[in-house]
Amino acid sequence: MVDLWLIVEFGVRIIADPTPLVVPSSNWSRNGVVVLMRYLHLLNRSALVSLPLIALLSLSSPPVGWVMTTAAQQPSGKLLIPRKQSKPPGPPLSPQQAVEKMQVPPGFRVELVAAEPQIVNPVAMAFDERGRIWVTESFEYPRREAGPGRDRIKILEDTDGDGTIDSVKIFADGLNIPSGIAVGYGGVWVANAPDILFMRDTDGDDRADEVEVVVTGFGRIDTHELPNSLTWGPDGALYGLNGVFNPSRVASSNGKTYEFTCAMFRIDPRTREFRLFCEGTSNPWGIAFDPFGSAFVSACVIDHLWHLTETGYYHRQGGPYPKHTWKIGSIVEHTHQMAAYCGLTYLDTDAYPAEYRDRLVMGNIHGNCLNVDRLERNSSTYKGIGEDDFLTANDVWFMPVVQKVGPDGCLYVLDWYDRYHCYQDANADPEGVDRGYGRLYRIVHQSQGTPQTIDQSEASPAALVEQLGHPNIHIRETAQRLLAQQDGAGMHATMQRIVLDDRRSHKHRMHALWTLIAARQFSTEFALQLLQHDDTTIRAWAVRAVGELHAGHEELAHAIAGLARDPSPDVQLQVAIAAGKLKTIDPLPLWVDVLANCGADPLIPHIVWQNLHPHLPQRAEELLQLVEQVDLSTAPGLAAMLPHVAEKLQ
């Protein structure tokens, strides 16, 4: 008789190792056991019997003649009660059992898309234009040392349209905690600290055969705060995040070297230029953009939701602030369960009823659920208002690390599935991390039947331009990326007409504008036209695009100076940011003019100060002369900044 207790104990501990482990049987002289990738292979004298180890662990009663012990049913681990949990987590559920325990709003159902052994220890996820799903897996977690590892990237595909994965390919291996992934511009972008990689398949076999190090210098001191959440922004740049206890030092092609911890960064996919977009928060993990192009992130430990603006410096969980920082706070006053968040998406899809759309959805790891916040405008920024949870797993193993709207309009949820949630547990007992589980779900509304994926890979440029107005945010964003990486595909005149056509939906017009910006087809003539446009969001983005693409154009710079008193706080905010980039105009009068006219806006004074204070004390006298011309009783934003000026001049 084979000793199953020994087999399962070995299996759980070496399950990430791609090398088979043969455990000889003490009773069968020529027999044995092979444990490989979560499968238990029993070798008889004349036969090989293979059983999924997960299925074995979840059997309610063992096969006749087999001995199952309590120890065999409980995964190994030193910590009986993990942190942030009130009792031992118990054995894992099978994928189907996990689905059956989940609660979602009436009319919705959860479907299993993929599970172990198809995916194991999944960390990050992205969709491509064919509807395929790219998933990174990490067996190395929580390893701190850099260098080659056992981690990999898989391509998952549903080839028959039934909603479940039936094709799994390994695109790349040899990685070491690949913590972010994005598809675009002819390849795959991967955060694999200390590097951001660009990986290409040049011969069409779905296997990476070229690897470029785009930038390097990310830390690995804390492998729970690695660069993550690679996401295409409205402007066509690739955005990502880094955590507060992971010091990094990245040299950019622009000649600057950036030293930072918690921050949002951006990479130009054409030039590979790396820049910091803003700094602060804690361990941010999840980026989403709303229909106005504003950036939001979820974060852990401190407040969970943040509106991030270029050049801003936000409250941080720990560590020193740069001298004279006037920090910006979060946009929430409420909490959701315990403060461990992972992943964020803007839920904008016609596959769901209207009351569930235009919401931010984020994973709550300790709460084992999906939280929801609704956004309300607050002058140039926002307030997050908590709403009911969208999914409750009722399973302490559930760890939602990524949430994304898919090409079928459904919300997809990537589940790490582990009894250890906290980095303290993983560091205290790295061998106890469960390296044999991983699930991917989608949440379907009953009105959709079996949702069908839209394949955009063969769409013509004209069709892609129409898809810029699609009700599914994923389709809009993918169409924008495909057009941008073709430099507009000759459709820039058509997209200009859409931007100016008020019969089109606002989302269609904005994605057409963003495509022109991302494709570098944003002409100076069109910019002048948009700086005078009636729509405030279009004016604001015109200002932002000029600061990026036409910073040396004198006529455009003077047009932007004329918008310092714009009635829209969104426009004023972008003027404050662009002022420091324009090369043909003095920014100091613009900053004072914006502050004199922004009222009690909660964000703009902070942004102005971050851009202005490096010019002090050299230009202090000029600044004070400009301030003397303003009635401070009608300019609370300017008045609020003056104590910070006085402090720096002391």
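The residue numbering used here restarts from 1 in each chain and proceeds along that chain's sequence as written. Two thresholds apply to this predicted model, a pLDDT of at least 70 for residue-level local features and 80 or more for giving and counting side-chain atom pairs, whereas whole-chain, interface and lining totals are computed over all residues. To obtain the side-chain values, all non-hydrogen atoms of the structure were included, while hydrogens and water were left out.

How should I be thinking about the overall build of the protein chain in this particular structure?
Put simply, DSSP H or I for four residues or longer makes a helix, DSSP E for two residues or longer makes a strand, and each gets a number counted from the N terminus. The helix and strand tally for the protein chain stands at 17 helices and 30 strands. Once local pairs closer than 6 in sequence are excluded, the contacts in the protein chain between residues at least 24 apart make up 60%. Per-residue accessibility takes into account occlusion by the displayed protein chains alone, with areas from the Shrake-Rupley method and a 1.4 Å probe. Accessible area for the protein chain stands at about 24900 Å²; split by element, carbon and sulfur atoms hold 51% of it. Note on contacts: a residue pair is in contact if any heavy atoms of the two residues lie within 4.5 Å.

Help me understand the pairing of strand β29 (residues 411–415) in this model?
Look at any regular strand and the pattern is simple: side chains alternate between the two faces of the sheet. Each residue gets one of three labels from its accessible area relative to the maximum for its type: buried under 20%, exposed over 50%, partly exposed in between, using a 1.4 Å probe on protein chains only. Here β29 lies mainly inside the structure; five of its five residues are buried. Side chains Leu411, Val413 and Asp415 of β29 all project onto a buried face; the interleaved residues Tyr412 and Leu414 project onto the opposite face, where all are buried too. For two strands to be treated as a pair, DSSP must find no fewer than two bridges joining them. Pairing of strand β28 (residues 400–405) with β29, which is carried by five bridges, proceeds in the antiparallel orientation. The partner of Val402 across the bridge, within β29, is Leu414. Here β28 folds back onto β29 in antiparallel fashion, the turn holding five residues, of which Gly409 has a positive phi close to 90 degrees.

It is not clear to me how the side chain of Asn472 should be interpreted in this structure. Could you clarify?
Along the chain, the position of Asn472 falls in the loop between α6 (461–467) and α7 (473–484). A polar contact is formed between the side chain of Asn472 and the backbone nitrogen of His474, at a distance of 2.8 Å. Once residues within four sequence positions are removed from consideration, Asn472 is found in contact with Asp348, Thr349, Val405, Gly406, Pro407, Asp408 and Gly409. Under this definition, polar contacts are N or O atom pairs within 3.5 Å; protein pairs additionally need one hydrogen-donor-capable and one acceptor-capable atom, and for neighbouring residues in sequence, both atoms have to be side-chain atoms.

Teacher, can you tell me more about the packing of aromatic side chains here?
Two descriptors summarise a pair of aromatic rings, namely the distance from one centre to the other and the angle between the planes of the rings. The rule is short: rings of Phe, Tyr and Trp, with Trp giving its six-membered ring, pair when the centres are within 6.5 Å, and they are stacked under 30 degrees, edge-to-face over 60, tilted in between. Under the criterion given, the structure shown has 28 aromatic pairs. Ring centres of Phe108 and Tyr352 lie 5.0 Å apart, and the angle between their planes is 90 degrees; on these two criteria the pair is classed as edge-to-face. Here Tyr352 lies in the loop between β24 (341–347) and β25 (359–364) and Phe108 lies in strand β5 (residues 108–115), a separation of 244 residues in the sequence. The structure contains a cluster of three or more aromatic residues connected by ring pairs, namely Phe218, Tyr258, Phe260, Phe265 and Phe274. To sit over a ring, a charge needs its Lys NZ or Arg CZ within 6 Å of the ring centre and within 35 degrees of the ring normal. Cation over ring: Arg272 sits above Phe198, and NZ or CZ is 4.9 Å from the ring centre. Cation over ring: Arg439 sits above Tyr417, and NZ or CZ is 3.8 Å from the ring centre.

How do you make sense of the nonpolar core when you look at a structure like this?
Formed by 89 residues in total, the largest nonpolar core has its most connected members in Trp189, Phe274, Leu440 and Ile443. Throughout, nonpolar core names a set of buried Ala, Val, Leu, Ile, Met, Phe, Trp, Tyr and Cys residues whose side chains join them through atoms within 4.5 Å. Among the nonpolar cores identified, the runner-up in size contains 84 residues, and Ile328, Leu468, Ala479 and Phe526 belong to it.

Can you help me understand the confidence of the model for the protein chain in this one?
Caution applies to low-pLDDT regions: their predicted coordinates should not be interpreted in detail. A residue's pLDDT is simply how confident the predictor is in it, with values from 0 to 100. Looking at the protein chain, pLDDT values average 89 and 88% of them are 70 or higher. Counting contacts from residues 1–74, a segment whose pLDDT is below 50, to residues more than four positions away or on other chains yields 128 contacts.

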